[in-house]
Amino acid sequence: MEDKEVRIGVYICHCGSNIAGTVDIEELGRFAQKLPSVVVAKDYVYMCSEPGQSMIKEDIKKLKLNRVVVASCSPTLHETTFRRACQEAGLNPYLFEQANIREQCSWVTEDGAMATDKAKALVSAAVRRVYYQQPLETKEVTVNPNTLVVGGGIAGIQAALEVADAHHHVYLVERTPSIGGHMSQLDKTFPTLDCSSCILTPKMTLVGSHPYIELMTYSEVEEVTGYIGNFKVKVRKKARYVDEDKCTGCGVCQTKCPYKVDSEFEAGISKRKAIYTPFPQAVPNIPVIDTKHCAYFLKGKCRACEKFCEAGAIDFQQQDEIVEVEVGSVIVTTGFNTFDPTPIYHYGYKQLDNVITSLEFERLVSASGPTGGNIVLKDGSTPKSIAILHCVGSRDENYHRYCSRVCCMYALKYSHLIKEKIGAEVYQMYIDMRCFGKGYEEFYKRLAEEEVNFIRGKVAEVTDRAITDDEKGKLVVVAEDTLMLNIVRLPMDMVILCVALEPQPDVEAVARLFNISRSADGFFLERHPKLDPIATMTDGIFVAGCCQGPKDIPDTVAQASAAAARALAMISRGKVEIEAATAEINEELCSGCRVCNNLCPFSAITFDEDKKVSRINEVLCKGCGVCVAACASSAITGKHFTTEQIVAEIEGVLV
Amino acid sequence: MSFEPKIVGLLCRWCSYAGADLAGTSRKKYAPNVRVVRVMCTGRVEPTFVLKALEKGADGVLIAGCHPGDCHYVEGNYKTLRRFLLLKKMLTQMGVEDERVRLEWVSASEGDRFATIVGEMTEQVRKLGPFPRNGGNNG
């Protein structure tokens with residue numbers, strides 16, 4: 001603790017009217033001025049702005065302030081900003097404290113008097129706390145220049161290529177046998193209608209052959225330890241039962257394999273073999289054996305693939321392999337799952353023929369799909385009328401309340417493809433048309449001229465119960481046309497359900513693995529919804545693509561590139577600052593009871609057998625404070641969260 | 001003048017503090033009676049902090065952290081739970097009403113939940129009246 005007199009400056013932010021509209025700023029200023037050790041209390045319309053920061057910096061120099069309190073927004077938003085301002089004026093950043101009088105005060109009550117009271121309590125707490133705060137030195141650690149990308153969809157592919165093109169090593173881990181993700185299943189992409197494969201497969205090939213990318217397909221991340229700049233990751237490479245070095249990708253095994261199962265890639269509308277590559281353009285072009293369906297694994301007989309493989313690549317003895325990699329940052333791009341509409345029984349999915357999901361239609365209309373791009377009904381005939389139902393599982397209180405953001409646009413794309421290929425009559429059953437991206441509104445306008453019927457109304461049911469002769473043998477789509485104010489019954493040959501984009505089924509486990517929070521919709525939570533939709537609350541872990549929320553391809557690619565830029569920025573600087581607020585043991589006080597040793601979740605505490613005291617490894621310590629609270633001898637100090645500081649703050653809020 | 005309870009909130013910075021921020025960002029209105037002290041993890045909360053708060057003028061104390069399994073520090077919240085149960089036993093013996101000291105799990109996305117808990121707790125503590133300090137009648 002410094003001997004010299006503590007001189008605190010208090011700065012109150014109006015945040016426009018966000019704070020000043022509720023809290024009486026003048027009153028708060030007068031209150032702050034009278035608090036012990038406060039030398040100056042000022043207010044300004046936006047403390048975070050350049051003039052606001054300059055005010056603090058000048059006062060630090062002129063008034064010899066050695067502590068600063070800013071009463072403004074949440075420290076999550078601007079703690080770094082103000083700490084930096086202090087540092088620039090020569091004050092240790094840990095001598096700054098922020099009072100949150102916006103998110104937790106002015107925004108949650110309309111009662112001005114009570115808000116002002118609460119603001120006073122929060123400012124008094126910050127002033128009392130800052131009095132005891134001590135300068136801390138931030139430590140710098142070197143950054144491992146390797147990057148891990150988890151998920152090989154378009155987001156992961158983009159992020160991996162961006163980092164690798166800067167000649168930094170990337171590990172790209174993909175759980176399925178091939179990279180490509182959902183984008184590889186799409187036919188054309190809106191609004192330009194360029195073919196998805198034509199723009200994606202060259203990128204996939206690049207990934208597969210890139211000297212700076214180590215591609216690990218059919219692999220999953222099992223464990224992540226370490227911290228920003230220095231993560232250790234265990235990856236399970238699942239046994240393919242095919243020797244990657246020997247396999248030539250000739251495909252004979254797949255033709256000879258006698259067992260067929262529903263193809264995941266074809267959304268279940270056609271079959272694949274028990275030994276398979278998901279699709280012909282797969283990267284890597286090396287098959288895997290699906291042990292759940294392979295006759296050899298089930299019954300111990302067959303081995304047809306082995307018999308016909310000229311390269312001798314089939315290896316039934318192969319085992320899962322655990323690979324350990326060390327990386328500086330992680331980019332999580334684990335994508336989405338499509339909503340299963342079976343629970344919406346009144347839409348008839350899986351009960352009525354020719355009620356299909358959008359992903360199934362995507363495969364049906366694709367030139368590389370099972371029908372070669374012919375839009376056909378289950379009986380092989382060509383539909384004459386098709387209804388496209390928007391918002392199936394999205395914007396629905398019963399399933400997902402959010403908008404899936406891509407369905408309106410791909411539904412429009414479907415109209416065009418249907419018109420172009422078979423000229424059938426198309427009905428768009430929508431709630432609102434949301435065509436907000438670049439060129440999207442123009443696409444909507446263009447489609448509206450292609451004699452597509454737009455009916456505004458959520459569909460009530462899809463049924464095969466005919467009332468009139470016209471309806472016999474048809475799928476009857478019943479809806480209220482909310483613009484015409486009447487009930488419509490449309491006899492259709494095919495119904496396409498535009499299903500919601502939802503979080504992956506194992507999103508919870510993945511969130512825990514990487515220590516990422518989730519938002520209310522279940523997707524990964526970004527650090528800030530506007531200013532930092534790339535970082536997470538865990539330093540060094542970034543997110544991109546649909547795992548953070550539904551988005552289209554341009555947004556996904558932009559976010560993935562941004563995540564790559566963040567990883568590259570860390571690499572280019574070569575070091576990062578890590579938490580200075582760690583725990584410290586006073587060896588004089590330590591009784592050597594070792595209670596803390598087992599409590600530490602990061603194994604940062606070790607026991608010195610000679611001196612019979614515990615020691616904390618500051619690089620491993622993350623400053624949670626669990627040992628501090630547990631130490632019966634009060635021998636452990638949680639720096640920046642000392643008992644003295646916390647108690648002072650508690651006393652402060654109780655003024 | 002009606003009694004306005006003072007409640008000290010001890011919130012972990014990763015989940016519950018972010019949840020409390022979210023309540024604000026979504027302009028959720030709730031009783032302004034809770035005053036928040038931010039800690040890195042509820043695992044840092046010493047039982048004495050709760051006693052100190054009650055001693056220094058709090059009518060209630062709310063400890064809030066990440067849901068079990070979601071702790072940023074793996075299992076700090078489990079340790080909090082263990083300590084909390086012991087603390088509650090002691091508080092009960094000291095005659096401190098159950099509603100005055102609460103442990104809740106609030107995630108970063110549960111702004112609504114935070115607002116609901118604070119509202120509920122404020123009303124319960126309001127009914128109980130001010131916390132009798134200095135040993136109540138013996139003071």
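Below: a short report on this structure. (Residues numbered from 1 in each chain as written. Chains lettered and ligands numbered in written order. Predicted model: local features only at pLDDT ≥ 70, side-chain atom pairs only at ≥ 80, totals over all residues. Heavy atoms only, no water.)

With that out of the way, let us pick up the overall build of chain B. Along the backbone of chain B there are four helices and four strands. Counting helices and strands in the order they occur from the N terminus, chain B gives β-α-β-α-β-α-β-α. The C-alpha atoms of chain B give a radius of gyration of 15 Å, which matches the 14 Å a tight globule of 139 residues would have. The contacts in chain B between residues at least 6 apart in sequence include a share of 79% that link residues at least 24 apart. Approximately 5,800 Å² of chain B is accessible, and the part contributed by carbon and sulfur atoms is 53%. (Helix = DSSP H or I, 4+ residues; strand = E, 2+ residues; numbered from the N terminus. Rg over C-alpha atoms; globule rule 2.2 N^0.38 Å. Contact = heavy atoms within 4.5 Å. Areas by Shrake-Rupley, 256 points an atom, 1.4 Å probe, with all protein chains shown as cover.)

This part takes up the environment of Glu644 of chain A. Relative to the assigned elements, Glu644 of chain A resides in helix H18 (residues 643-653). Sequence-wise, Glu644 of chain A and Pro550 of chain A are 94 residues apart; in three dimensions their C-alpha atoms are separated by 46 Å.

Residue and element names in this part refer to chain B. For Glu104, the position within the fold is in strand S4 (residues 101-105). With a relative accessible area of 15%, Glu104 lands in the buried category. Within the structure, the side chain of Glu104 is placed 2.8 Å from the side chain of Arg102, a separation counted as a polar contact. Side chain to side chain, Glu104 and Arg113 meet in a polar contact 3.1 Å long. Those residues in contact with Glu104 that lie beyond four places of it in its chain are Leu62, Ile63, Ala64, Gly65, Arg113 and Ile117. (Buried < 20%, exposed > 50% of the residue type's maximum accessible area, 1.4 Å probe, protein only. Polar contact = N/O pair within 3.5 Å; in protein donor to acceptor, adjacent residues only side chain to side chain.)

Each partner contributes to the interface: chain B provides 47 residues, whereas chain A provides 49 residues. Among the residues chain B hides against chain A, the three largest losses belong to Arg35, Arg38 and Arg44 of chain B. Together they make up 16% of the total. Inspection of the region where chain B meets chain A yields three salt bridges. Here Glu651 of chain A ties to Lys56 of chain B by a salt bridge, and the two come within 3.8 Å at their closest N and O atoms. Summed over the shared surface of chain B and chain A, the result is 19 residue pairs in polar contact (both at pLDDT 80 or more). Broken down by secondary-structure element, the contributors of at least two residues to the side of chain B that touches chain A are strand S1 (7-12), helix H1 (16-25), strand S2 (34-39), helix H2 (47-55) and helix H3 (76-93) of chain B. (Buried area = accessible area lost by both parts, 1.4 Å probe. Salt bridge = Lys/Arg side-chain N within 4 Å of Asp/Glu carboxyl O.)

Attention now goes to the sheet that holds strand S1 (residues 8-13) of chain A. To summarise the sheet geometry, strands pair through backbone hydrogen bonds and adopt either a parallel or an antiparallel arrangement. Residues and elements named next belong to chain A. In spatial order, the strands read S2-S1-S3-S4; together these four strands make up an open sheet with parallel pairing. Looking along the sheet, the strands with just one partner apiece sit at the ends: strand S2 (38-44) and strand S4 (96-100). Looking at each pair of strands side by side, their axes are set apart by 15° on average, direction ignored. Looking at chain direction, S1 and strand S3 (residues 67-72) are connected through five bridges and run parallel. Bridge assignment links Ile8 to a residue of S3, and that residue is Arg67. Where helix H5 (residues 112-132) meets the sheet, it contacts S1, S2, S3 and S4, and its direction lies at approximately 165° from that of S4. (Pairing = 2+ DSSP bridges. Axes fitted to C-alpha atoms, helices over the stretch in contact; angles between N-to-C directions.)

All names here are of chain B. Most of S1 sits inside the fold, with six of its six residues counted as buried. The side-chain alternation of S1 yields two buried faces, one formed by Ile7, Gly9 and Leu11 and the other by Val8, Leu10 and Cys12. Judged from the five bridges that link them, S1 and strand S3 (residues 60-65) form a sheet pairing that is parallel. Bridged to Val8 within S3 is Val61. With six bridges connecting them, S1 and S2 associate as parallel partners. Its bridge partner being in S2, Leu10 is matched across the sheet by Val37. With respect to chirality, the unit in which S1 leads through H1 into the neighbouring parallel S2 is right-handed. (Right-handed = clockwise from strand over helix to strand, strands pointing away.)

Tallied over the entire structure, the rule returns 18 aromatic pairs over all chains. With a centroid separation of 6.3 Å and an interplanar angle of 70°, the aromatic rings of Trp14 of chain B and Tyr73 of chain B are classed as edge-to-face. With Trp14 of chain B in the loop between S1 and H1 and Tyr73 of chain B in the loop between S3 and H3, this pair connects stretches of sequence that are 59 residues apart. Accessibility assignment for this pair places Trp14 of chain B and Tyr73 of chain B in one class, buried. Among the aromatic residues, those joined into a cluster by ring pairs are Tyr241, Tyr296, Phe297 and Phe316 of chain A. One cation-aromatic arrangement involves Arg129 of chain A over Phe641 of chain A; the distance from NZ or CZ to the ring centre is 4.9 Å. The positively charged end of Arg27 of chain B is found above the aromatic ring belonging to Trp107 of chain A, 3.6 Å away from the centroid. (Phe/Tyr/Trp six-rings, centres within 6.5 Å; stacked < 30°, edge-to-face > 60°. Lys NZ or Arg CZ within 6 Å of the ring centre and 35° of its normal.)

All names here are of chain A. Sheet architecture is open: three strands sit in the order S11-S12-S17, paired in antiparallel fashion. Each edge of the open sheet is held by one strand with a lone partner, namely strand S11 (219-227) and strand S17 (321-327). Each adjacent strand pair in this sheet contributes to an overall mean axis angle of 20°, direction not counted. The sheet contact formed by S11 and strand S12 (residues 230-237) spans eight bridges and is antiparallel. In the strand pairing of S12, Glu223 is matched with Lys234.

We now examine the packing of H18 of chain A against H2 of chain B. Direction vectors running N to C along H18 of chain A and H2 of chain B enclose 30°, while the axes themselves pass 9 Å from each other. Our classification of the angle between H18 of chain A and H2 of chain B gives roughly parallel. Crossing angle aside, the handedness with which H18 of chain A passes H2 of chain B is right-handed. Taken together, the residues of H2 of chain B that come into contact with H18 of chain A (itself represented by Thr643, Ile646, Val647, Ile650 and Glu651 of chain A) are Phe49, Lys52 and Ala53 of chain B. For the contact of H18 of chain A with H2 of chain B, a count of residues per class yields five nonpolar, one polar and two charged. (Parallel < 35°, antiparallel > 145°, perpendicular 65-115°, else oblique. Left-handed = near helix turned anticlockwise from the far one by under 90°. Nonpolar A, V, L, I, M, F, W, Y, C, P; charged D, E, K, R; others polar.)

Among the nonpolar cores identified, the biggest contains 79 residues, and Val10 and Ile101 of chain A together with Leu10 of chain B are the most heavily contacted of them. Residues Val170, Tyr227, Phe265 and Ile534 of chain A belong to the second largest nonpolar core, which totals 38 residues. (Core = buried A, V, L, I, M, F, W, Y, C linked by side-chain atoms within 4.5 Å.)

Let's shift gears to unusual backbone geometry. Residues and elements named next belong to chain A. In this structure, Pro191 follows Phe190 across a cis peptide bond, with omega equal to -10°. Among the structural elements, Pro191 can be located in the loop between strand S8 (188-189) and strand S9 (194-195). The phi torsion at Asn354 lies on the positive side, around 70°, for a residue other than glycine. In this fold, Asn354 is placed in the loop between strand S19 (336-338) and strand S20 (355-357).

Our focus in this paragraph is the state of the cysteines. Residue and element names in this part refer to chain A. As enumerated under the stated definition, the model contains two disulfides over all chains in all. The side chain of Cys195 participates in a disulfide bridge whose partner is Cys198; the two sulfur atoms lie 2.3 Å from each other. Its torsion about the S-S bond being 95°, the disulfide of Cys195 and Cys198 is classed as right-handed. Of all cysteine sulfurs in the structure, the one in Cys408 sits closest to Cys403, which takes part in no disulfide; the separation is 6.4 Å. Overall, Cys403 belongs to the partly exposed group, its relative accessible area being 24%. (Disulfide = S-S within 2.5 Å.)

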